[in-house]
Amino acid sequence: MNTTQGTGAGSARPAHPVRVVIVDDHAIFRSGLKADLDPGIQVVGEAATVEQAIAVIAQQRPDVVLLDVHLPGGLGGGGREVIAGSAALLSSTRFLALSVSDAAEDVVAVIRAGARGYVTKTISGAEITDAVFRVAGGDAVFSPRLAGFVLDAFGTAPADIADDELDKLSARELEVMRLIARGYSYKEVAKELFISIKTVETHVSAVLRKLQLSSRHELTKWAAERRLL
Amino acid sequence: MTTLPARPPLARSSDRVIAGVCSGLAAHLGWPVKNVRLGMVLASFAGGAGLVFYAWLWVMVPTADEAARRNARRPASPIAPAVSQPAQEAAAAADAGSPAGAPGPVPEDQGGAPVPPWFRARGMRYGKEILLGCGLLLVAGIMIAQLLGVDVSLGTLIPAAAVLGGASIAWMQLDETRRAGLVDKTKADQAGGWGRLAAGLALVVAGVLVMVSGSGSWEQTWLALLASVAVLGGVVLVLLPWALKFWRDLEAERAGRIRETERAEIAAHLHDSVLQTLALIQRRAGNEHDVVRLARAQERELRGWLFQDSGRESGQLSDRIKAVAGEVEDLLGNAVEVVTVGDAVMTEAHEALVQASREAMLNASRHGGGTVSVYLEASDGQAEIFIKDRGPGFELGDVPADRLGIRESIIGRMKRHGGSAAILSTGDGTEVRLRLPAAAEHAEGKS
């Protein structure tokens, strides 16, 4: 139902199938997702709990892990714990968070743990396929809601000085985030701002990096205060 | 009212001289407080009957706060009708209707009859001083009596006074801790409470010791103290495990009861909303559109219930936009995704903004035929709303002049309230941009 994630927007399908592990505690959702995914995506494993997920990921070393934010098992940390448990593989395996919970703290926590993006579970098969390809290609995937979170957390005023400031977004990054929050696909963002899709992807990746690395203590506080948006 | 006037439940009022028994009783019986107090004092002279009665009520009758809490804890009936949406929506609408209306002054004490403030203030401020004065007068009277040659046995009076004083200090503390359960007290207060409890205990023990040993001689008192401490120690040793076990059972039972109440509430809600929707979905399984619409509506309702922050005030712009998006979703069946950044308190101009965006959402959902993206960004400076669909698009010039939807309801309305509206339509979709500067709000607020 989510119309973004750059439908058909230049995320070239890789030559070889993308190997994916699906981690979700609902078998119905896993099988539904598997049926929806593009044939270019090869599901090599499934897991329902934190322990299973860490084991399957270590054994299969997939390109992308579709990871539910809320998972039983482990120490109760859910998706965040799976990413932490697979930290050694983060360079080759990318995590895409899936969630029904819109609670900002959950989403921000899993992104800060190292996920490359976040999409809601109501997303259509074509869109999730696109998101998987995008993440596999090293890009970040922002849903409008995640872009909204970022804008709310970092504030809507641009940074005064350099782009390298971790606690603020640059004017360009703000523009990109705003357009994504408004429901624009990457392609549409590129068209609107007269830049290439690659540049949009660079900006989004930069925002993701700031989201992950910013030590801004308000970020955590903010996420805890906003139970949902 | 033709029925019997409902009596307020018997509860100790916060309008009190000692423990609020008299005013609570007066409220319950519908008598004037003064008469009740006078009666209580007079009855005290009848062999202390009034005192005993007062003490009994003090112990047995809960405070008004406690009574209120007890009522609130009562679990909802398992099939309470209309727990869910309509009531909430009505409340939201009522709130939104009077955004500027300040809530009426909240009465401080829930129980008891309305009392003139001066009287309550006097009761609170001077109650302790009056008690102290009475005590001093009593002491003075005894001393004068002794000077006049009346034989007063100080040996019994002083310990008795100590016992009474200590007990009342400790009991007052009990009352305090009862209230502390409602209002979060600081650690310092708690420490003071324990100090008072200990002081009361020490006074009582000392008084009892002196009374029992029958003399003021230290040697005997020490012996008695030692003996009683030894006995107490033995009793504690034997009973402690029992007491702990009972305490733990009590705690477990209380926790269980709270869980049970919560479960009943959740069951009631699920029954009223989710089960009904699931039944509807089963009956309409053939119609995909209806199923999606029902599922979306239920999801929205359930989310609202799960994550609703009861402490948060409603009447915020983002809440209104979300409510309107929900309406549009219910009406036309297409999903409306709302993302909000920042927030603002509703004003009259904001209401126009909400209505304009509602019109835009309706158009987007009707003609776009897919998911509608709504983005709200509000700050002190301005409020902006973007409504985007992915329909075939249209030319504003092609819209017949008699169709007022866009011209009047969106563009005209925004202009009248000092804002602006822009519509951008291409073959890939349409975006309506609404903007309301803060200056316009102020102008609107003055008019």
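Scroll up a little and you will see the structure.
Report follows, based on the coordinates. (Residues numbered from 1 in each chain as written. Chains lettered and ligands numbered in written order. Predicted model: local features only at pLDDT ≥ 70, side-chain atom pairs only at ≥ 80, totals over all residues.)

What about the overall build of chain B?
The condition is simple: Numbered from the N terminus, helices here are DSSP runs of H or I no shorter than four residues, and strands are runs of E no shorter than two. Our exposure labels follow a C-beta count within 10 Å of each residue's own C-beta, placed from the backbone: buried means 20 or more other C-beta atoms, exposed means 12 or fewer, and partly exposed covers the counts in between. With C-beta atoms placed from the backbone, a contact is any residue pair whose C-beta atoms sit within 7 Å.
The secondary structure content of chain B amounts to 14 helices and five strands. In chain B, which comprises 447 residues, the proportion classed as buried is 22%. Contacts spanning at least 24 positions in sequence make up 69% of the contacts within chain B whose residues lie at least 6 apart.

Re the nonpolar core
As a reminder of what qualifies: Under the definition applied here, buried Ala, Val, Leu, Ile, Met, Phe, Trp, Tyr and Cys residues are grouped into a nonpolar core through C-beta atoms within 7 Å.
Ranked by internal contacts, the top residues of the largest apolar core, which has 106 residues, are L96, A97, V107 and V132 of chain A together with M361 and V374 of chain B. Ranked by residues supplied to this core, first place goes to helix α12 (residues 348-368) of chain B with nine residues. Contacts of L96 of chain A, omitting those with residues within four sequence positions, involve V64, L66, L67, A115, R116, G117, V119, A131, V132, V135 and V141 of chain A.

Focus on unusual backbone geometry
All names here are of chain A. Even without being glycine, R61 reaches a positive phi, approximately 45°. Residue position: R61 is located in the loop between α2 (50-60) and β3 (64-68). The exposure class assigned to R61 is partly exposed, which follows from the 15 C-beta atoms found within 10 Å. Of note in the backbone geometry, F194 takes a positive phi value of approximately 55° without being a glycine. Mapped onto the secondary structure, F194 falls in the loop between α8 (186-193) and α9 (197-213).

Side note on the sheet that holds strand β4 (residues 94-99) of chain A
Picture the strands of a sheet paired through backbone hydrogen bonds; they go either parallel or antiparallel. Residue and element names in this part refer to chain A. Worth spelling out the cut-off: Two strands make a pair as long as DSSP finds a minimum of two bridges between them. A fitted line through C-alpha atoms represents every axis, and for helices the fit uses only the stretch in contact; the resulting angles, taken between N-to-C directions, go from 0 to 180 degrees.
Ordered by their spatial adjacency, six strands build an open sheet running β2-β1-β3-β4-β5-β6, and the pairing between neighbours is parallel. The open sheet terminates on both sides in strands that have one partner only, identified here as β2 (41-47) and β6 (141-142). Direction of pairing for strand β5 (residues 117-120) relative to β6: parallel, over a ladder of two bridges. Across the sheet, residue Y118 finds its bridge partner in β6, namely F142. Where helix α1 (residues 27-36) meets the sheet, its contacts fall on β1 (18-23), β2 and β3, and the angle it forms with β1 comes to roughly 160°.

Focus: the packing of helix α7 (residues 171-181) of chain A against α9 of chain A
Relative orientation and spacing of two packed helices are given, respectively, by the angle between their axes and the distance between those axes. All names here are of chain A. Counted only if it meets this: Geometric relationships in this document are graded by angle, where less than 35 degrees denotes roughly parallel, more than 145 denotes roughly antiparallel, 65 to 115 denotes roughly perpendicular, and other angles denote oblique. Residues are grouped as follows: Ala, Val, Leu, Ile, Met, Phe, Trp, Tyr, Cys and Pro are nonpolar; Asp, Glu, Lys and Arg are charged; all remaining types, including Gly, are polar.
Packing of α7 against α9 brings their axes to within 10 Å, and their N-to-C directions diverge by 100°. With respect to each other, α7 and α9 are oriented roughly perpendicular. In contact with R172, E173, V176 and M177 of α7, α9 contributes V200, H203, V204, A206 and V207. Split into classes, the residues belonging to the contact of α7 with α9 amount to six nonpolar, one polar and two charged.

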